[in-house]
Amino acid sequence: MSKKMNAENAAPASFEDAMAELAQLVTQMEAGQLPLEASVAAYARGSELVKYCAAQLDKVESQVKILEGDMLKPFADGDEAQQ
């Protein structure tokens, strides 16, 4: 496996890096200029990035719940109470 392939499959440095890479992959795929093999590789990498981003968001959500404790309530509950 080449160094480039290893670098492309490495975990992103941050959520923002993952989102930027994902946006770039989507742009390339939407352009329709990638050969089939590259499209499949881009899709696979995009799937990995989505999983990474989802895990990061879950992690942050857990941290917020710990920080906020019982005060964390869905916006819908507050909106409905005011109506």
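Residues numbered from 1 in each chain as written. Predicted model: local features only at pLDDT ≥ 70, side-chain atom pairs only at ≥ 80, totals over all residues. Heavy atoms only, no water.

Of regular secondary structure, the protein possesses four helices and zero strands. Scanning the protein from its N terminus toward the C terminus, one meets helices and strands in the order α-α-α-α. Taken across its 83 residues, the protein has 12% of its residues classed as buried. Taking contacts inside the protein between residues at least 6 apart in sequence as the whole, the part at least 24 apart equals 66%. Element-wise, carbon and sulfur atoms account for 60% of the exposed surface of the protein, whose accessible area totals about 6,900 Å². (Helix = DSSP H or I, 4+ residues; strand = E, 2+ residues; numbered from the N terminus. Buried < 20%, exposed > 50% of the residue type's maximum accessible area, 1.4 Å probe, protein only. Contact = heavy atoms within 4.5 Å. Areas by Shrake-Rupley, 256 points an atom, 1.4 Å probe, with all protein chains shown as cover.)

So, about the confidence of the model for the protein. In the predicted model, the protein carries a mean pLDDT of 81, and the fraction of residues at 70 or more is 73%. Highest mean pLDDT in the protein belongs to helix 2 (residues 15-31) (95); lowest belongs to helix 4 (residues 75-82) (52). A low-confidence stretch, residues 1-6 stays under pLDDT 50, and its non-local contacts, those more than four residues away or across chains, total one contact. (pLDDT = per-residue confidence, 0-100.)

Let's shift gears to helix 2. For the α-helix, the turn length of 3.6 residues means that residues three or four positions removed from each other point alike. Taking 1.5 Å as the rise per residue, helix 2 with 17 residues should run 24 Å; its terminal C-alpha atoms sit 24 Å apart, in good agreement. Within the sequence span of helix 2, burial applies to Ala18, Leu22 and Leu25. Buried residues of helix 2 fall within an arc of 60° about the axis and therefore sit on the same side. Residues of helix 2 that are exposed and point more than 90 degrees away from the buried face comprise Glu16, Thr27 and Glu30. Turning to helix 2, the residues buried within the fold contact helix 3 (36-68). Following helix 2 by one or two positions, Gly32 has its phi on the positive side, about 70°. (Expected span 1.5 Å × (residues − 1). Arc of directions from axis to C-beta.)

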